[in-house]
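# Survey of secondary and tertiary structure
Here is how the chains run, residue by residue.
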Amino acid sequence: MGQSEEQASSVTAVWVTMGVKIFVALDTPDSKTTARQSKIISILGTFGVPHVLVDLTAKDRERGDQVKFMKAKAKKREGQDTALPPQIFNSGKYCGDYEDFKIAYEEDTLDTFLRVKIVRPQNNVIDTEYLEEEVETVRIDDVT
């Protein structure tokens, strides 16, 4: 293995093994994706879960390997050509996407889902409505 291959391997190993990592698209016009990412980040902050964001829309040189890693490990939902952000990993192991996170939050199993110890504030109440998404409605006048 040449020096540049060793460097690339060690860089990859560092970012893969670093705890909770959320693959996001910070520069996206999609308000649904933005809202989902914000909710995950907010909840992790509430529970004091350290995490790293990997911006899939960034133009840095390491992003290519990270995109390949995410696409290879993350699951696609029905109707998707590729796994869409946000996608959550811990130490290189896939945890799930927003839908999986939502279920874990609502069932109070985030610690198992994320594979981390969570110390819940005593006054913490699971607000299942927080992760609900607005349903887009189309008026008949808008269609014609």
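Look up: the structure comes first, before these words.
The following paragraphs examine the structure supplied in this document.

Reading guide: rules and limits
The residue numbering used here restarts from 1 in each chain and proceeds along that chain's sequence as written. Restriction of local features to residues with pLDDT of at least 70 applies here, the model being predicted, together with a cutoff of 80 or more for giving and counting side-chain atom pairs; totals for whole chains, interfaces and linings are based on all residues. To get the side-chain values, all heavy atoms of the structure are used, and hydrogens and water are removed first. Any pair of Phe, Tyr and Trp rings, taking the six-membered ring for Trp, is counted once the centres come within 6.5 Å. Such a pair is stacked with planes under 30 degrees apart, edge-to-face with planes over 60 apart, and tilted for the rest. Under the scheme used here, helices are H or I runs from DSSP no shorter than 4 residues and strands are E runs no shorter than 2 residues, and both carry numbers assigned from the N terminus. Each residue is placed in one exposure class: buried if its accessible area under a 1.4 Å probe, protein chains only, is under 20% of its type's maximum, exposed if it is over 50%, and partly exposed if it falls in between. Only strands that DSSP links by at least two bridges are regarded as paired with each other.

We now examine the packing of aromatic side chains. Using the criterion set out here, one finds five aromatic pairs in the structure. With 6.2 Å between their ring centres and 75 degrees between their planes, Phe101 and Phe113 make a pair best called edge-to-face. Pair noted here: Phe101 is in helix H4 (residues 98–106) and Phe113 is in helix H5 (residues 110–114), with a separation of twelve residues, a long-range link. The buried category is assigned to Phe101, whose relative accessible area is 0%. Ring pairing ties together the aromatic residues Phe23, Phe69, Phe89 and Tyr94, which thus form one cluster.

Turning next to the pairing of strand S3 (residues 87–90). For a regular strand, side-chain orientation follows a simple rule: the groups alternate between the two sheet faces. Residues Gln87 and Phe89 line one face of S3 and the alternating positions Ile88 and Asn90 line the opposite face, and both faces are buried. Across four bridges, the pairing between strand S1 (residues 20–24) and S3 is antiparallel. In the strand pairing of S3, Phe23 is matched with Gln87. As paired elements, S3 and strand S4 (residues 93–97) share four bridges and run antiparallel to each other. Paired with Ile88 across the strands is Gly96, a residue of S4. What sits between S3 and S4 in their antiparallel hairpin is a turn of two residues, with Ser91 showing a positive phi close to 50 degrees.

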